[in-house]
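Examination of the molecular architecture
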Amino acid sequence: MKLMKTLGLAALLAAAAQAAQANVDTDSVRRGAYLARVSDCIACHSAPDGKPNAGGLAMDTPVGKIYSTNITPDKETGIGDYSYEDFARALRQGVAKEGHSLYPAMPYTSFARINDADMRDLYAYFMHGVAPVAQENRESDIPWPLSMRWPLTLWRWFFHDDSAYQADAGKSAEWNRGAYLVQGMAHCGTCHTPRGAAFQEVALNDKKAGYLTGSQLAGWYAGNLTGDAREGLGGWSADELVEYLQKGRNRYTAAFGPMAEVVHYSTQHVSAGDLAAMTVYLKSLPGAGAAAVQPVRTGSALFFENCATCHQANGQGHDNVVPALAGSSAVMARDATSLIRVVLEGGVNVRTGHLPWEYSMPGYARQMSDQEIADVLSYMRQSWGNNTASPVEADQVAKVRALSAQAAH
């Protein structure tokens, strides 16, 4: 460990000297090096026995493995040709310089909170404080067509908020600093907040239920960080929380699994002032048991998951193939019975001499509950200008489901 710290200090000093020769703001590089520690970039972007920040770490997802990318300033295989604008767009919006979408395993949903000054320091560090490594990025193991990245554009449209952190004027400067770090660079919610059906965090900050209430991810359970007395931090003092983040243990527990890596690579290096601020923020969160806040498949998520591929995210469909939902009289009908029945049973376009082919839609009676069908239909009836239509209730779906079953019988 001492050797590792010595080598790390030597590397930082060498980088600072190199930056000075290149007429670079060495203070900005130094600040960026610290912020990269808070952000724990090295943990995800370094493979076992690999070179720091050169990528290659395998990450399990529900659809296959993805591999972290090379974020060293190598111009061929890393981010050496990224402008500041390219760098900021990748961190805040999840879009690479080449234009493709990044998988949400990259916590840009949190990094979007980072302010401009800190983002520029991070950029200075990665351009001038990190040694370039020529190492090609590895393609994911996700099979086609799930490997296509264009649906991630829709994912961001539904679930991502790229606005910077806004201070709460009613809270102290220390609380706001802690909230800024926890919600942003430290990206605690990435692991500790439950995920929905589309792998989205159900909340991005404490303004919405579910934030930091614990979540299962990659074969581990990231614990509840709210003030819940049974499974959260309700019984911990502020000093005990700081001790855990600094040392990886306190009188209640010891860090293990991915959290041990977080302590090793990140939180033990965070300043006492920042740890205290993070603790003030975390200890302010009221208790919320994860069991009471289950991931919810919202109407928008269900539409994205099941309908958007054919009907498009804007509900426009495809002319003479897939019916449009936007502005559709069938979708906005006062009585939603037919609409419910189509979703339950599916349907086939009529074949005529003018259009001598069919296009079918599957039924979702087995895949969706009454509430889920009600939610997705309510979303359709209140989106794209259809908002004059009333929402659909689960009991309406249940009645039509019963009629549909009788008809089938």
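Cut-offs and rules
- Residues numbered from 1 in each chain as written.
- Predicted model: local features only at pLDDT ≥ 70, side-chain atom pairs only at ≥ 80, totals over all residues.
- Heavy atoms only, no water.
- Helix = DSSP H or I, 4+ residues; strand = E, 2+ residues; numbered from the N terminus.
- Buried < 20%, exposed > 50% of the residue type's maximum accessible area, 1.4 Å probe, protein only.
- Contact = heavy atoms within 4.5 Å.
- Areas by Shrake-Rupley, 256 points an atom, 1.4 Å probe, with all protein chains shown as cover.
- Salt bridge = Lys/Arg side-chain N within 4 Å of Asp/Glu carboxyl O.
- Phe/Tyr/Trp six-rings, centres within 6.5 Å; stacked < 30°, edge-to-face > 60°.
- Lys NZ or Arg CZ within 6 Å of the ring centre and 35° of its normal.
- 1 Å grid on protein atoms, 1.4 Å probe; cavity = no way out; pocket = protein on both sides within 12 Å on 5 of 7 lines; lining within 4 Å.
- Points joined across faces, edges and corners; volume = space filled by probe spheres on them.
- Nonpolar A, V, L, I, M, F, W, Y, C, P; charged D, E, K, R; others polar.
- Expected span 1.5 Å × (residues − 1).
- Patch = residues over 30% accessible without salt bridge, like charges linked within 9 Å, V, L, I, M, F, W, Y side chains within 5 Å.
- Lys, Arg positive; Asp, Glu negative; His and termini not counted.
- Charge placed at Lys NZ, Arg CZ, Asp CG, Glu CD.
- Core = buried A, V, L, I, M, F, W, Y, C linked by side-chain atoms within 4.5 Å.
- pLDDT = per-residue confidence, 0-100.
- Disulfide = S-S within 2.5 Å.

1. Brief notes about the overall build of the protein
- Counting its secondary structure elements, the protein contains 17 helices and 6 strands.
- Every one of the 409 residues in the protein was classed for burial, and the buried ones make up 45%.
- Look at the contacts in the protein between residues 6 or more apart in sequence, and 57% of them connect residues 24 or more apart.
- Of the roughly 21300 Å² of accessible surface on the protein, a fraction of 55% belongs to carbon and sulfur atoms.

2. Notes on unusual backbone geometry
- Of note, Asn53 is a non-glycine position whose phi angle comes to about 70°, a positive value.
- Residue class for Asn53 comes out buried when judged on its relative accessible area of 6%.
- The backbone phi angle of His187 is positive, close to 40°, even though this residue is not glycine.
- Along the chain, His187 falls in the loop between helix H8 (173–185) and helix H9 (189–192).
- Using a relative accessible area of 15% as the deciding quantity, one classes His187 as buried.

3. Overview of the pattern of salt bridges
- Applying the stated criterion to the full structure yields 11 salt bridges.
- A salt bridge links Arg92 to Asp116; its shortest N-O distance comes to 2.8 Å. Taken together, the residues Arg92 in helix H4 (residues 84–93) and Asp116 in helix H6 (residues 116–128) connect sequence positions 24 residues apart.
- Classification of Asp116 by relative accessible area gives partly exposed; the value is 48%.

4. Here we look at the packing of aromatic side chains
- Applying the stated criterion to the full structure yields 16 aromatic pairs.
- Judged by centre distance (5.1 Å) and plane angle (75°), the ring pair of Trp175 and Tyr281 falls under edge-to-face. Remark: Tyr281 occurs in helix H12 (residues 272–284) and Trp175 occurs in helix H8; sequence separation between them is 106 residues. For the pair Trp175 and Tyr281, a shared accessibility class is recorded, and that class is buried.
- An aromatic cluster is defined as three or more aromatic residues linked by ring pairs; in this entry it consists of Trp157, Phe158, Phe159, Phe303, Phe304, Tyr379 and Trp384.
- Arg195 extends its terminal NZ or CZ atom over the ring of Phe199, reaching a point 4.6 Å from the ring centre.

5. Digging into empty space enclosed by the protein
- Counted under the stated rule, the structure contains 1 cavity of 30 Å³ or more.
- Considering only enclosed or pocket space, the largest cavity measures out at about 40 Å³ in volume.
- When grouped by side-chain class, the residues that make up the lining of the largest cavity number 2 nonpolar, 4 polar and 2 charged.

6. Describing helix H2 (residues 26–39)
- Its 14 residues give H2 an end-to-end C-alpha distance of 20 Å, which sits within 8% of 20 Å, the value for a rise of 1.5 Å per residue.
- Residues of H2 that are buried include every one of Ser28, Val29, Gly32, Ala33, Leu35, Ala36, Val38 and Ser39, and no others.
- One or two steps after H2, the chain reaches Asp40, where phi turns positive at roughly 60°.

7. Points about a negative patch on the surface
- Together, Glu76, Asp81, Glu98 and Glu136 line one region of the surface with negative charge.
- Looking at the secondary structure, you find Glu98 in the loop between H4 and helix H5 (108–111).

8. Notes on the nonpolar core
- If you look at the biggest cluster of nonpolar residues, it comprises 86 residues, and the most contacted ones within it are Phe87, Phe126, Leu282, Phe303 and Leu377.
- Of the residues forming this core, the biggest block, 7 residues, is contributed by H6.
- Apart from the residues within four sequence positions on either side, Phe303 is in contact with Phe158, Ala308, His311, Gln312, Ala313, Leu325, Val376, Tyr379, Met380 and Trp384.
- Residues Met59, Ile66, Tyr103 and Leu152 belong to the second largest nonpolar core, which totals 6 residues.

9. A look at the confidence of the model for the protein
- Per-residue confidence for the protein averages 84 on the pLDDT scale, and 88% of its residues sit at or above 70.
- Scored below 50 in pLDDT, residues 1–7 makes 4 contacts in the model with residues more than four places away or belonging to other chains.
- Note that pLDDT drops below 50 for residues 290–296; the model gives that stretch 14 contacts with residues more than four away or on any other chain.

10. Notes on the environment of Leu212
- Along the chain, Leu212 turns up in the loop between H9 and strand E3 (215–217).
- On the accessibility criterion, Leu212 (0% relative accessible area) is buried.
- For the pair formed by Leu212 and Pro194, sequence separation is 18 residues and the distance between their alpha carbons is 7.6 Å.
- Excluding residues that lie within four positions of it along the chain, Leu212 makes contacts with Val182, Cys188, Gly189, His192, Thr193, Gly223, Asn224, Leu225, Thr226, Leu282 and Leu285.

11. Describing the layout of surface pockets
- Empty space within the second largest pocket amounts to approximately 970 Å³.
- Where the lining of the second largest pocket is concerned, the elements lending two or more residues are helix H3 (41–44), strand E2 (64–67), H4 and H6.
- If one sorts the elements of the lining of the second largest pocket by residue count, H4 sits on top with 3 residues.
- For the lining of the second largest pocket, a count of residues per class yields 21 nonpolar, 11 polar and 9 charged.

12. Here we look at the environment of Gln371
- With respect to the element layout, Gln371 can be found in helix H16 (residues 370–381).
- Look at Gln371 and you get partly exposed, because its relative accessible area is 43%.
- In the structure, Gln371 is positioned 26 residues away from Val397 in sequence and 7.8 Å away in space, judged by C-alpha atoms.

13. What about the state of the cysteines?
- The full count for this structure, using the stated rule, is 0 disulfides.
- Looking at the unpaired Cys310, the closest cysteine sulfur is the one in Cys307, lying at 8.7 Å.

14. Comments concerning H6
- Taking 1.5 Å per residue, 13 residues should reach 18 Å; H6 reaches 18 Å between its end C-alpha atoms and fits that length.
- When we look at burial in H6, the residues that qualify are Asp118, Met119, Asp121, Leu122, Tyr123, Ala124, Tyr125, Phe126 and Met127.
- Check the buried side of H6 and you find it contacts H2, H3, H4, H5 and H8.

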